[in-house]
Amino acid sequence: MSHLNYETRLPLGQATIEHFLGLPAHPTKCQATYVWIDGTGEQLRAKTRTITTKPTTISDYPVWNYDGSSTGQAEGINSDRYLKPVAVFSDPFLGGQNVLVMCETLDHEMKPTATNHRHKCAALMQQAAAHYPWFGMEQEYLIVDRDEHPLGWPKHGYPAPQGKYYCGVGADRAFGREVVETHYRACLHAGINIFGSNGEVTPGQWEFQIGTCEGIEMGDQLWMARYILHRVAEMFGVCISLDPKPRVTMGEWNGAGCHTNFSTIEMRKANGITAIFEAMKGLEKTHTEAMKVYDPCGGADNLRRLTGRHETSEADKFSWGIANRACSIRIPRQVADEAQGYLEDRRPSSNCDPYLVTGMIVKSILLNGHSSPSPKKTKLILA
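Computed from a predicted model, the values in this text were never measured in an experiment.

Procedures and definitions
Residues numbered from 1 in each chain as written. Predicted model: local features only at pLDDT ≥ 70, side-chain atom pairs only at ≥ 80, totals over all residues. Heavy atoms only, no water. 1 Å grid on protein atoms, 1.4 Å probe; cavity = no way out; pocket = protein on both sides within 12 Å on 5 of 7 lines; lining within 4 Å. Points joined across faces, edges and corners; volume = space filled by probe spheres on them. Nonpolar A, V, L, I, M, F, W, Y, C, P; charged D, E, K, R; others polar. UniProt positions renumbered as here; feature names shortened; annotations may be inferred. Helix = DSSP H or I, 4+ residues; strand = E, 2+ residues; numbered from the N terminus. Axes fitted to C-alpha atoms, helices over the stretch in contact; angles between N-to-C directions. Parallel < 35°, antiparallel > 145°, perpendicular 65-115°, else oblique. Left-handed = near helix turned anticlockwise from the far one by under 90°. Contact = heavy atoms within 4.5 Å. Pairing = 2+ DSSP bridges. Core = buried A, V, L, I, M, F, W, Y, C linked by side-chain atoms within 4.5 Å. Buried < 20%, exposed > 50% of the residue type's maximum accessible area, 1.4 Å probe, protein only. Arc of directions from axis to C-beta. Expected span 1.5 Å × (residues − 1).

Student: Is there a simple way to explain empty space enclosed by the protein in this structure?
Tutor: Vacant regions in the atomic arrangement are exposed by a probe of water-molecule size rolled over the atoms. Taken as a whole and judged by the stated rule, the model has 4 cavities of 30 Å³ or more. In this model, the largest cavity occupies a volume close to 60 Å³. What lines the largest cavity is Ile37, Met102, Cys103, Glu104, Thr105, Thr115, Asn116, Arg118 and Tyr355. Split by residue class, the lining of the largest cavity holds 4 nonpolar, 3 polar and 2 charged.

Pasting the structure below:
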């Protein structure tokens, strides 16, 4: 047991880290952390470079390269892939002139890689720009230990049943609030439009909301908010699961989604409820196609979650209703009362690609002939 006398304890390492991270940021040089989506379509990668002077526009950030064979995006015999900067945020971890840079991934011919769905989404948003598409996405997630066991759950059993955890307060029902509050402040510092956060129905499960964002900004901001969340969790020695229904929660526990709120300028105007009702036609028409892109596994992940139970609709059926959380699309009660506002698509999985989701919604509602409903032809019914 004498080896225990030489054990390096965490507080010593922590003090060393804090000493160097506590040094003032360089007054002129910029550490730019490039962030990108890897070949899984779910996970993020990042690496950092020094730029002598902080660029003033996104186009001034240089295109960079990386080893695609180590991220599932290339073969070793032709491994170089490129990072094209598309959005920049202040770095809440390093401060100063330092930044986080969201990037698209390009192959050796400078074409989008298989998991670069931003490129196509940006084109769709450009086509729909006249309708001023606004989005807000509700990201649910589970905080887990490194053994993938939910934080706060007994290692050899289950916590008390659902009921007390949603927006709960207290050490017996709120697990990991330190991670949540740190992430919230970090997002604010980064310049992300974080709307709020709350504890969710399953113990150890939380949610944050990003929005309002217009067009392509929705995907950029949610992906960067996810990156910040993973980094914050890393600092606390825990992990973040975006799995919509982890094995341990397959019983009487709510899954995790990424409900997406959407509106156009027509929906936000007086009597905009007519445009919202009209949108249901396009959403129903593309339901099967949407379910294939609302999770990164072609719809297989959502089959574990969208069962018609635990506040979900059924995966193979399209439905909509007012104030109904068991529908594919929910129209909030307040929206129906005011006859204007937005709709909520409850189908996207927690591990969805927001570029695919927002692009699908725009394609369904605005680019399939249902973008300009006429109030004279649509009977307003509030049910």
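Student: Please clarify how the UniProt feature "domain: GS beta-grasp" (unreviewed entry) in the protein chain should be interpreted in this entry.
Tutor: As recorded in UniProt, the sites labelled "domain: GS beta-grasp" (unreviewed entry) are residues 30-110. Between the end C-alpha atoms of residues 30-110 the distance is 26 Å, and the span holds 0% helix and 48% strand.

Student: I would appreciate a short explanation of the packing of helix 3 (residues 177-190) against helix 4 (residues 217-236) in the present structure.
Tutor: In a packed pair of helices, the relevant descriptors are the angle between the two axes and the axis-to-axis distance. Between helix 3 and helix 4, whose axes approach to 9 Å, the crossing angle comes to 135°. Overall, the two elements helix 3 and helix 4 adopt an arrangement that is oblique. Where helix 3 crosses over helix 4, the handedness of that crossing is right-handed. Together, Glu178, Val179, Thr182, His183, Ala186, Cys187 and Ala190 of helix 3 and Ala225, Ile228, Leu229, Val232 and Phe236 of helix 4 make up the contact between the two elements. A class-by-class count of the residues in the contact of helix 3 with helix 4 yields 9 nonpolar, 2 polar and 1 charged.

Student: Explain the sheet that holds strand 5 (residues 99-106) to me, please; I cannot follow it from the model alone.
Tutor: Where strands meet in a sheet, backbone hydrogen bonds hold them as pairs that are either parallel or antiparallel. Across the sheet, which stays open at both edges, the 5 strands sit in the order 2-1-5-4-3 with mixed pairing between neighbours. The strands lining the two open edges of the sheet, one partner per strand, are strand 2 (44-51) and strand 3 (64-67). Sheet twist, expressed as the mean angle between neighbouring strand axes with direction ignored, is 40°. Taken together, the 4 bridges between strand 3 and strand 4 (residues 80-90) define a ladder with antiparallel strand orientation. The partner of aspartate 67 across the bridge, within strand 4, is aspartate 80. Together, strand 1 (30-37), strand 2, strand 4 and strand 5 form the strand contacts of helix 4, whose direction differs from that of strand 5 by roughly 115°.

Student: Help me understand the layout of surface pockets in this model?
Tutor: Taken as a whole, the largest pocket encloses approximately 720 Å³ of empty space. Secondary-structure elements contributing two or more residues to the lining of the largest pocket are strand 6 (134-144), strand 7 (194-199), strand 8 (205-214) and strand 10 (258-263). Here the residues of the lining of the largest pocket are counted per class, giving 10 nonpolar, 14 polar and 10 charged.

Student: Help me out: how do you make sense of the environment of alanine 174 in this one?
Tutor: When you line up the elements, alanine 174 lands in the loop between strand 6 and helix 3. Residues alanine 174 and glutamine 205 lie 31 residues apart in sequence; the distance between their C-alpha atoms is 8.9 Å. Residue contacts for alanine 174: discarding those within four places in its chain leaves Gly168 and Trp206.

Student: Honestly, the nonpolar core in this entry has me stumped. Any pointers?
Tutor: Generally speaking, soluble globular proteins have nonpolar side chains that are buried together. Within the largest apolar cluster, 73 residues are counted, with the highest numbers of intra-cluster contacts made by Ile228 and Leu343. At 10 residues, the largest contribution of residues to this core is made by helix 4. Beyond its immediate chain neighbours, meaning those up to four positions away, leucine 343 contacts Thr260, Asn261, Phe262, Met267, Ile276, Ala279, Met280, Leu283, Ile329, Arg330 and Ile365. Formed by 12 residues, the second largest nonpolar core is a distinct cluster that contains Cys30, Trp36, Val99 and Cys103.

Student: Even after reading the chapter, I still don't get helix 2 (residues 118-127), so can you show me in this structure?
Tutor: Owing to its 3.6 residues per turn, the α-helix aligns residues three or four sequence positions apart on the same side. Among all positions of helix 2, only Arg118, Cys121, Leu124 and Met125 are buried. Relative to the axis of helix 2, the buried residues are bounded by an arc of 120° and lie together on one face. Across from the buried face of helix 2, at angles greater than 90 degrees, the exposed residues are Lys120, Gln126 and Gln127. At its buried positions, helix 2 is contacted by strand 4, strand 5, strand 6, helix 4 and helix 10 (354-366).

Student: Is there a simple way to explain helix 3 in this structure?
Tutor: In a regular helix each residue adds 1.5 Å, so 14 residues correspond to 20 Å; helix 3 covers 20 Å between its end C-alpha atoms and thus fits that length. Here helix 3 has its buried residues at Val179, Val180, His183, Ala186, Cys187 and Ala190. Looking straight down helix 3, one finds its buried side chains confined to an arc of 135°; they lie on one side. Set apart from the buried face of helix 3 by more than 90 degrees, the exposed residues are Glu178, Arg185 and Leu188. Directly after helix 3, the chain includes glycine 191, whose backbone phi takes a positive value near 90°.

Student: Looking at this structure, I do not really get the packing of helix 4 against helix 10. What am I missing?
Tutor: Contact geometry for helix 4 and helix 10: axes closest at 8 Å, N-to-C directions at 155°. Judged on the interaxial angle alone, helix 10 and helix 4 are roughly antiparallel. Crossing geometry of helix 4 relative to helix 10 is assigned as right-handed. Between helix 4, through Met218, Gly219, Asp220, Leu222, Trp223 and Arg226, and helix 10, the contact on the second element is made entirely by Pro354, Tyr355 and Thr358. Its residues assigned to classes, the contact of helix 4 with helix 10 comprises 5 nonpolar, 2 polar and 2 charged.

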